[in-house]
Amino acid sequence: MSKIHNFSAGPSILAESAFEKSIQDIKNFAGTGLSILEVSHRGKEFEKVMADTVTLVRELLNVPENYDVLFLQGGASTQFFQIPMNFLKTKATYTQTGTWASRAIIEAQGFGHTEVLGSSKSANFSFVPKDYTVPADADYFHCTSNNTIFGTQMKSYPNCGDVPLICDMSSDIFSKPVDVSKFAMIYAGAQKNMGPAGVTLVIIRKDMYQKVADRHIPTMMKYSIHAENDSMYNTPPVFPILVSKYNLEWMKAVGGVEAMAVRNTAKADLLYNAIDNSPYFKGTSAIEDRSQMNVCFVFEEEHLHLEEAFNLACKEANLSGLKGHRSVGGYRASLYNALPIESVQALVNVMENFAS
Ligand SMILES: *Cc1c(COP(=O)(O)O)cnc(C)c1O
């Protein structure tokens, strides 16, 4: 089979080594003679996987001591309601920068007063609002670092003072260095840049356990419970954690998030240059807010009739996962960590050949 270039927005491409090692563990996990899929999560072999994965997250993101690293379930979408359930007392503040941010806002509204400080909804989320101040009396400020569907990305974070800064980093975590100490909490569904679907990474500052609202919080929704039990209060998503471990090991081996940033910048520059220089295509998001992870582009109106021919050319070149989200249309090339620059070059070649 010839190589497929996988531009899928999520679940997305992972390191080849993560697949190979995981396959071995499905057959014979850590010398137990049993599959990873059939052993107790309380055994020392899996406990080591859990501990190693936490350590890798800590090393890669330089997570300070006063933060816990948790592996939860329910996807980033569960965090949309778990956060206000825990932390919304009198007022929560949000930016509305895309579909995921909008869903997070809806969940917060179910728990209390929710203020939207900046929204680009009326511009179909084509830019990231920056013109707002986080009020000092907010319980927290929530933002989305990378808007997976619309291809925009925050390049800086507002000064929140003492207001806890909470960020959905589902689609750009591990893509570049991040100063964790600026955040009260970071969360990410694994399946965009960390591992397979089924596990959610939460990095939370320990003082947040004292800031929980005075309402009934189901045990499974308490961050402190998961912290006290090393993410094993109940059966954790064993296999997604294992595959994430191997994918994170690959990131570390090739130079960590600093190296990822260099790779990702090179990939994004290559593709945005091709779009900007093409008479056929145009980008859909504000240039200063363009995402390095999800590159959205459409045909110029006068060339729209060429869409079918271009789709066919992409297919012939083994380019997969390029269809834009239905709310934007056109194309979206997701350039997550494990995607090699050769795949981006293959796409650029098709765009350029198409032009000539
Ligand atoms: C994909 C995505 C989500 C939803 O993640 P699930 O794990 O499927 O719930 C939330 N936020 C962002 C930024 C995403 O890209």
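These notes cover the structure that comes with them. (Residues numbered from 1 in each chain as written. Predicted model: local features only at pLDDT ≥ 70, side-chain atom pairs only at ≥ 80, totals over all residues. Heavy atoms only, no water.)

What follows is about the pattern of salt bridges. For the structure shown, the criterion picks out 15 salt bridges. As a salt-bridge pair, K176 and D172 come within 4.0 Å of each other at their nearest N and O atoms. The class of K176 is partly exposed, set by a relative accessible area of 28%. Among the residues examined, D172 registers a relative accessible area of 4% and is labelled buried. In this structure, a network of salt bridges that share partners links the residues K21, K48, D52, K245 and E249. (Salt bridge = Lys/Arg side-chain N within 4 Å of Asp/Glu carboxyl O. Buried < 20%, exposed > 50% of the residue type's maximum accessible area, 1.4 Å probe, protein only.)

So, on to the pairing of strand β12 (residues 294-299). Within a regular strand, side chains alternate between the sheet's two faces. Burial within β12 is extensive, with 6 of its 6 residues counted as buried. Alignment of strand β11 (residues 281-283) against β12, held across 3 bridges, turns out to be antiparallel. When the bridges of β12 are listed, G283 appears paired with F297. Of the pairings in the sheet, the one linking β12 to strand β14 (residues 331-334) comprises 4 bridges and is antiparallel in character. Looking at the pairing, N294 lines up with S334 of β14. (Helix = DSSP H or I, 4+ residues; strand = E, 2+ residues; numbered from the N terminus. Pairing = 2+ DSSP bridges.)

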